[in-house]
Amino acid sequence: YILHTLKMSVSPDLVWSIIRDNHCFLLKGINGQTYSKEANNLRSRNSFRYNGLVQKKTVGVEAAKDGKGVVLVTRKPHAVSRPGVTYTRVELKKGGRKTMATIKSTIRKNKYRKDLRMAACRRASALLQSQKPVAVR
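What comes next is a walk through the structure. (Residues numbered from 1 in each chain as written. Predicted model: local features only at pLDDT ≥ 70, side-chain atom pairs only at ≥ 80, totals over all residues. Heavy atoms only, no water.)

## A word on the side chain of Asn-51
Next, step 1: Its place among the elements puts Asn-51 in the loop between strand E2 (34-36) and strand E3 (59-63).
Next, step 2: Here Leu-53 takes part through its backbone nitrogen, which lies 2.7 Å from a polar atom of the side chain of Asn-51.
Next, step 3: Of the polar contacts made by the side chain of Asn-51, one reaches the backbone nitrogen of Val-54; its length is 3.2 Å.
Next, step 4: Once residues within four sequence positions are removed from consideration, Asn-51 is found in contact with Trp-16, Ile-19, Glu-38, Asn-41, Asn-46 and Thr-58. (Helix = DSSP H or I, 4+ residues; strand = E, 2+ residues; numbered from the N terminus. Polar contact = N/O pair within 3.5 Å; in protein donor to acceptor, adjacent residues only side chain to side chain. Contact = heavy atoms within 4.5 Å.)

Structure, rendered in structure tokens:
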């Protein structure tokens, strides 16, 4: 006799309406723009589209711990109730072009949101550019 646990799923729109104006990651900008610093928010904007807490499938790009390369973080939608296996982290250290190709193919093949592909590539490009040594002139 198997007991199935009842899993409640809440609509992302409902969660967004609750946390839109009040969560611990909010930052108020000078020009009236509201920013957010939660994980997997590629543009650091407080909007439904880029929010990493609300969406079921999210993509994030972080700097690697050793300062060389980036880490691609993806969220598994079927493992939301298990925090230990919710996120997948892949270190990308093969260079700029290979990193961009890997990010694009991962988003495409795993059917993540297409609108995040360019934002993820831009974030990775900015991180890789910041890790290059400064040329002394």
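## A look at the pattern of salt bridges
Next, step 1: All told, the structure shown has 6 salt bridges when counted by the stated rule.
Next, step 2: Of the charged contacts, one joins Arg-20 and Asp-21 as a salt bridge, the two residues approaching to 3.9 Å between their closest N and O atoms.
Next, step 3: According to the relative accessible area criterion, Asp-21 is exposed, its value standing at 61%.
Next, step 4: Residues Glu-91 and Lys-93 are paired through a salt bridge, measuring 3.3 Å at the closest nitrogen-oxygen approach.
Next, step 5: Here Glu-91 falls in the partly exposed class, since its relative accessible area comes to 46%.
Next, step 6: A cluster of three or more residues bridged by salt bridges with shared partners is formed by Arg-49, Arg-113 and Asp-115. (Salt bridge = Lys/Arg side-chain N within 4 Å of Asp/Glu carboxyl O. Buried < 20%, exposed > 50% of the residue type's maximum accessible area, 1.4 Å probe, protein only.)

## What to know about a positive patch on the surface
Next, step 1: On the surface, Lys-104, Arg-108, Lys-109, Lys-114 and Arg-117 cluster together to form a positively charged patch.
Next, step 2: With 3 residues, the top contributor of residues to the positive patch is helix H2 (residues 96-109).
Next, step 3: Along the chain, Arg-117 falls in helix H3 (residues 117-131).
Next, step 4: Overall, the relative accessible area of 32% leaves Arg-117 in the partly exposed class. (Patch = residues over 30% accessible without salt bridge, like charges linked within 9 Å, V, L, I, M, F, W, Y side chains within 5 Å. Areas by Shrake-Rupley, 256 points an atom, 1.4 Å probe, with all protein chains shown as cover. Lys, Arg positive; Asp, Glu negative; His and termini not counted. Charge placed at Lys NZ, Arg CZ, Asp CG, Glu CD.)

## A closer look at H2
Next, step 1: Here H2 is 14 residues long and its end C-alpha atoms lie 20 Å apart, about the 20 Å a rise of 1.5 Å per residue gives.
Next, step 2: Every buried residue of H2 is accounted for by Thr-99, Met-100, Ile-103, Ser-105, Thr-106 and Ile-107.
Next, step 3: Turning to H2, the residues buried within the fold contact E3, strand E4 (70-75), strand E5 (87-92) and H3.
Next, step 4: In the stretch just after H2, Lys-111 is the one whose phi turns positive, near 60°. (Expected span 1.5 Å × (residues − 1).)

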